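Each chain, letter by letter, is given below.
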Protein chains: 2
Amino acid sequence: MATETNPLVDDELVDFLLYSVLDAEALCELPAYQQHSKETFDMFIDSVRRFARQDLLPTYKPMDENAPTFRNGRVHTHPALPALYDTMVELGVLTATRPESAGGQRIPLLVHTLASAYLMAANLGAYGYIGLTLGAAHLIEAFGSDELKRRFMSKMYDGEWTGTMALTEPHAGSSLGDITTTAKPTSEGYYLIKGSKIFISGADHGVKDNVVNLTLARIEGAPAGTKGISLFAIPRLREEDGQLVSNDVTVAGLIHKIGWKGLPSLAIEFGDEGDCRGWLVGEPHQGLRYMFQMMNEARIMVGVNAFATASAAYYESLGYALERKQGRELGARGGDMVPIVRHSDVRRMLLRQKAIVEGSLALLATVSRYGDVAEHGVSEDARERAGLLLDLLTPVAKTFPAERGFEANALAIQIHGGYGYTSEYLPEAYLRDQKLNSLHEGTSGIQSMDLLGRKVMAKGGAPLRALADEIHATIGRAREAGCDPELCTALEQAVATVGAVTMELGQRGMAGDADGMLGHSWDYLDMFSTLVIGWQWLSMAASAKTAPLSEKRRRATEIATQYWIRTEVPRIDVLANLCRTNERSYIDAQPEWF
Amino acid sequence: MATETNPLVDDELVDFLLYSVLDAEALCELPAYQQHSKETFDMFIDSVRRFARQDLLPTYKPMDENAPTFRNGRVHTHPALPALYDTMVELGVLTATRPESAGGQRIPLLVHTLASAYLMAANLGAYGYIGLTLGAAHLIEAFGSDELKRRFMSKMYDGEWTGTMALTEPHAGSSLGDITTTAKPTSEGYYLIKGSKIFISGADHGVKDNVVNLTLARIEGAPAGTKGISLFAIPRLREEDGQLVSNDVTVAGLIHKIGWKGLPSLAIEFGDEGDCRGWLVGEPHQGLRYMFQMMNEARIMVGVNAFATASAAYYESLGYALERKQGRELGARGGDMVPIVRHSDVRRMLLRQKAIVEGSLALLATVSRYGDVAEHGVSEDARERAGLLLDLLTPVAKTFPAERGFEANALAIQIHGGYGYTSEYLPEAYLRDQKLNSLHEGTSGIQSMDLLGRKVMAKGGAPLRALADEIHATIGRAREAGCDPELCTALEQAVATVGAVTMELGQRGMAGDADGMLGHSWDYLDMFSTLVIGWQWLSMAASAKTAPLSEKRRRATEIATQYWIRTEVPRIDVLANLCRTNERSYIDAQPEWF
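Residues numbered from 1 in each chain as written. Chains lettered and ligands numbered in written order. Predicted model: local features only at pLDDT ≥ 70, side-chain atom pairs only at ≥ 80, totals over all residues.

### Looking at the overall build of chain A
For chain A, the count of helices and strands is 21 helices and twelve strands. What you see for chain A is a C-alpha radius of gyration of 24 Å, in line with the 25 Å of a compact globule of 594 residues. Each principal axis of the C-alpha distribution contributes one length, and for chain A these read about 80 × 60 × 60 Å. Burial status across chain A gives 60% buried among its 594 residues. (Helix = DSSP H or I, 4+ residues; strand = E, 2+ residues; numbered from the N terminus. Rg over C-alpha atoms; globule rule 2.2 N^0.38 Å. Buried ≥ 20, exposed ≤ 12 C-beta atoms within 10 Å, placed from the backbone.)

### What to know about the relation of the copies chain B and chain A
When chain B is brought onto chain A, the operation consists of a screw motion whose angular component is 180 degrees and whose axial shift is 0.0 Å, with 0.0 Å RMSD remaining. Taken together, the rotation and translation describe the operation of a two-fold axis. Residue B:R571 of chain B places its C-alpha closer to the rotation axis than any other residue of that unit, at 3.6 Å. Same-surface contact between copies: 100% of interface residues of chain B are shared with the interface of chain A. (Least-squares fit on C-alpha atoms with pLDDT ≥ 70 in both. Contact = placed C-beta atoms within 7 Å.)

### Concerning the packing of helix α18 (residues 521-544) of chain B against helix α19 (residues 551-568) of chain B
Residue and element names in this part refer to chain B. Look at α18 against α19: their axes get within 9 Å of each other, and the N-to-C directions meet at 150 degrees. Here α18 lies roughly antiparallel to α19, going by the angle between them. For the crossing formed where α18 meets α19, the hand is left-handed. On α19, the residues touching T530, I533, G534, W537, L538, M540, A541 and A544 of α18 are R554, T557, E558, A560, T561, W564, I565 and E568. (Axes fitted to C-alpha atoms, helices over the stretch in contact; angles between N-to-C directions. Parallel < 35°, antiparallel > 145°, perpendicular 65-115°, else oblique. Left-handed = near helix turned anticlockwise from the far one by under 90°.)

### Section: the domain arrangement of chain A
Residue and element names in this part refer to chain A. Split into domains, chain A comes out as domain 1 (3-157), domain 2 (162-285) and domain 3 (457-586). For domain 1 versus domain 2, the distance between C-alpha centres works out to 24 Å. Each partner contributes to the interface: domain 1 provides 32 residues, whereas domain 2 provides 27 residues. For the side of domain 1 that touches domain 2, the elements supplying multiple residues, two or more each, are α4 (60-65), β2 (74-76), α5 (81-90), α7 (124-143) and α8 (146-157). In terms of residue count, α7 provides more of the side of domain 1 that touches domain 2 than any other element does, 13 residues in total. (Domains from an automatic or database assignment.)

### Quick word on helix α15 (residues 462-481) of chain B
Residue and element names in this part refer to chain B. Helix length check: α15, at 20 residues, gives a terminal C-alpha distance of 29 Å against a target of 28 Å (1.5 Å per residue), a fit within 8%. Along α15, the residues classified as buried are P463, L464, L467, I471, T474, I475 and A478. Each buried residue of α15 sits inside an arc of 110 degrees when the element is viewed along its axis, so together they form one side. Residues of α15 that are exposed and point more than 90 degrees away from the buried face comprise A473 and E480. In the core, the buried residues of α15 are packed alongside α12 (380-415), α14 (444-455), α16 (485-510) and α18. (Expected span 1.5 Å × (residues − 1). Arc of directions from axis to C-beta.)

### Some remarks on the interface of chain B and chain A
Frequently, the measure chosen for interface size is the accessible area removed from exposure when the parts meet. Across the boundary between the two partners, chain B contributes 71 residues, which contact 72 residues of chain A. Looking at the side of chain B that touches chain A, the element that brings in the most residues is α19(B), giving eight residues. Of the residues assigned to the side of chain B that touches chain A, the class counts are 32 nonpolar, 21 polar and 18 charged. (Nonpolar A, V, L, I, M, F, W, Y, C, P; charged D, E, K, R; others polar.)

### Overview of the nonpolar core
Among the nonpolar cores identified, the biggest contains 418 residues, and A:L17, A:F232, A:L491, B:L17, B:F232 and B:L491 are the most heavily contacted of them. If we skip the residues at most four places from it in the chain, A:F232 touches A:A183, A:Y191, A:I193, A:T215, A:A217, A:G278, A:W279, A:L280 and A:V281. (Core = buried A, V, L, I, M, F, W, Y, C linked by C-beta atoms within 7 Å.)

### Topic: the pairing of strand β4 (residues 182-185) of chain A
All names here are of chain A. Bridge count for β4 against strand β5 (residues 191-201) is four bridges, and the pairing is antiparallel. Opposite P185, over in β5, you have Y191 as the bridge partner. What sits between the antiparallel neighbours β4 and β5 is a turn of five residues, in which G189 has the positive phi angle 95 degrees. Pairing geometry for β4 and strand β6 (residues 211-219), over two bridges, is parallel. Opposite T182, over in β6, you have R218 as the bridge partner. (Pairing = 2+ DSSP bridges.)

### Some words on helix α18 (residues 521-544) of chain A
Compared with the 34 Å implied by 1.5 Å per residue over 24 residues, the 34 Å span of α18(A) between its first and last C-alpha is a close match. For α18(A), the tally of buried residues reaches 24 of 24 residues, placing the bulk of the element in the interior.

Have a look at this one:
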């Protein structure tokens, strides 16, 4: 079986992205990263990828087959998890991006994204505890008082407690303005919390005793809707007289998820006994704002989850295609059976997976680098420009790997034939894992509204102009490097088309036809993502002309670039036409016609 | 929850297809069907759909949650199955299409397809026993001696034993020419069989004691490859002195399938003890030919499975979208939350599912009707023409519902949001079920080779000319009925494009560039299927202008037709261009570049 030798993520691709395409070493010239170098980056990634392959991957299938259980009010998770968690903390994965003041190494997000991709590809659920704890602690780091940092953040960054986000309520789903959990002030510095949350990952488990829930709730008397929502830290156990005692956070039930089986998803109750204490993070009524300031990072991490799941499956199917013998080559009569990779339809499925998977990673790395510059760039201009690009590309970086990754995961099953339809092989588990990524942290539909309704229309169109500049610069670089001029021209035309469509949709929206604009947000996201991935491939193709690459990586880069630009980029015209002609079928279809 | 009221398949759509679009009553004028009428058709369908909704659907989830087990050499299936099987036999489902001489009612395949769709949508695995038994018995009916019919076919058609197909071997997969199971002649009229088979559905179970395996094997000394394969009937238990005794067919293992949990998939061994007796069906070395003569029907049935799975999921998501309240309409400030069907992105996902699901059923019904005329048409010309169309469209009828149905199934999950990611709701189970349909009875890739390499190139292009005539006739009918002329024109152009591409690919193939032709078979299948479904929708739209329909069905037909022709048919140009320019990325990509 190929599984034991699954590389999870291609090392040469990671090096290529870091040091050729995205010049990670240039980041070391920024004051924030000056203690870093290629050596520290490589050391971090090497230790993480070794752990991912040797220790984490072998635990994936056992966890998939033994989902968490709920007994006597407590959630029981796989026994391998505590040691895995501790090792990940020791490797520095949890705090890698945080500053020294928070106990971290302040490694660029770019490097962290690429390193964590190996962990996610090895065992998505097990890595989930790290991602959730980092997200929760980071919120307190960014917005909490020193008192809260001492009380909660340090314990999380030290690896002593875990953390999670508890946003969703059963009746409200993505509609966060409708949450009803309440917070009643007391004179003791905390609030009494009451409410129900659902789909809360890792709110209880056997990894650590305590969990800090970062929760949205309404302070009594707060304004209605999204403006009246505050952020609270609510530990499962609270400290009293040096002891950890119950904080009246109870598990109401375990949700039977179809994937991510290492990490339990729970329905929880705050304050069933009237004694659940929550500590306000930052100012009252600013909860949603705080949460959304962390959203780019959270959504990029979902994109990396999605990439990782598709990458692991790609390598399973590649290993199978190289080993499994069946049939003969086209036109051959008799002779031995050949590995199925020799059938062109199998190579088509591999190439499609590769184009999706590696294009996704390139985008996620690019966006992560914008995140680094947006936070630590030397000039105000550089930070602002990177921030624009980060904001603009986040919905694509979240959605493309999830949606197309799901398609890639299905192809990995297809290559396995009947064997792919069994739980003896891994691809079906990866397919189940993948589906979550189009749902959590904002569904793909919500991302499409965010892209068209907010992001591209922001600041008089400055983000899109910045992106067009980036793409034109890449096209120029590709031309100079000697890439196929036809591919360069095709991408140039696609940029123009997307720009023109954006203008027309924006004008339609401003003229009051909100449906005629936002009703095309799915077409727009699809079109925009197709362009962005074409850009990423062309950027890799340009760098591949001079980078020190193996013949294999060079040829793969060329052929995947050609594949994406020739087969997918032409769809941009079809989608653009739907937007421009204001195709109404999917807008006008009435609920009562279904 | 909507599940208890899930209609599975829309009754009005079925009536519309039968009596308006496809004029099923005209079939009653054929001698073979003269005992039938709208009344007998309706009676049959009514009794079947009632059973599907009331008795079969409630057993689906219990079977999905309690997969078959393998203990002490026997396979144990869900205890509800024997009674369900007997009821289906009583309803006449098993023999409905067979002539009276075989104990049936000779109902048109068209009617049977639509009726069995309800059963498949209710419980795919449970219906599977019927489908497999029918297929096995039908092979003996068509090619077996009277002795074999008495011995095996009658027992199967009577509902006393079940049957199945045992083709696949572990090393050979789809490459049937490489099978190695052997058959040694004896002087007793039977052969001694030895070999291993895998992925054999229902070769053992708790529904009936005995199962007849229709198996491919090589008679000793037979020529190599596909020409040396013979067809055998091999019962699990054989009759000796009026007793049923073991026939040395053993279960080697249970395959852990990810769906179709009501029906076990097994690895079996023939002749471990040297005493497995098989009876030759028809002539020696004709096994593959016999099997492929039954293949159209088998593949259409896979298409119906796929349709049914997507239809059941569509209705789950529609029920959810109508009930689940979340968020507010675009532009609304405050007020109550609205059912999510009011969000245009949800309607887009419903419309896409509907276009795929109902377009699939229309195609499957159309193709079934060609099957009826091909077998029982009055004139030689009519039979031949229908046969050409049946052969040509079978790969599309098998593949489109499976591939696009999988996409529709994923949308049904997406509409359920986080709830869709749990096994408390049905869509995830339907997604698992669906994946098999792109794999069994010839993978989608194999279908694409069959379409381009065999079907469209057959008989000097006569099948494609016949199809073009049919589509042009539909366009003429649509124009006369007053359908949107732009949609008619778009489809007309698409027919021309597909015709031109076919010619060019054929010429390329004849010029010796087999890769340049068959390397585009996936593009071709996608392009061809998109046209065919556009034709089906336009045909429904034309009929809807005059048929006695509810306002709901009429509007749904109009909007789905517009949706498909405006959003999908334009992709034909993109795909055609890949074929015409002989895009080589997915052909030239070498195994060592991955």
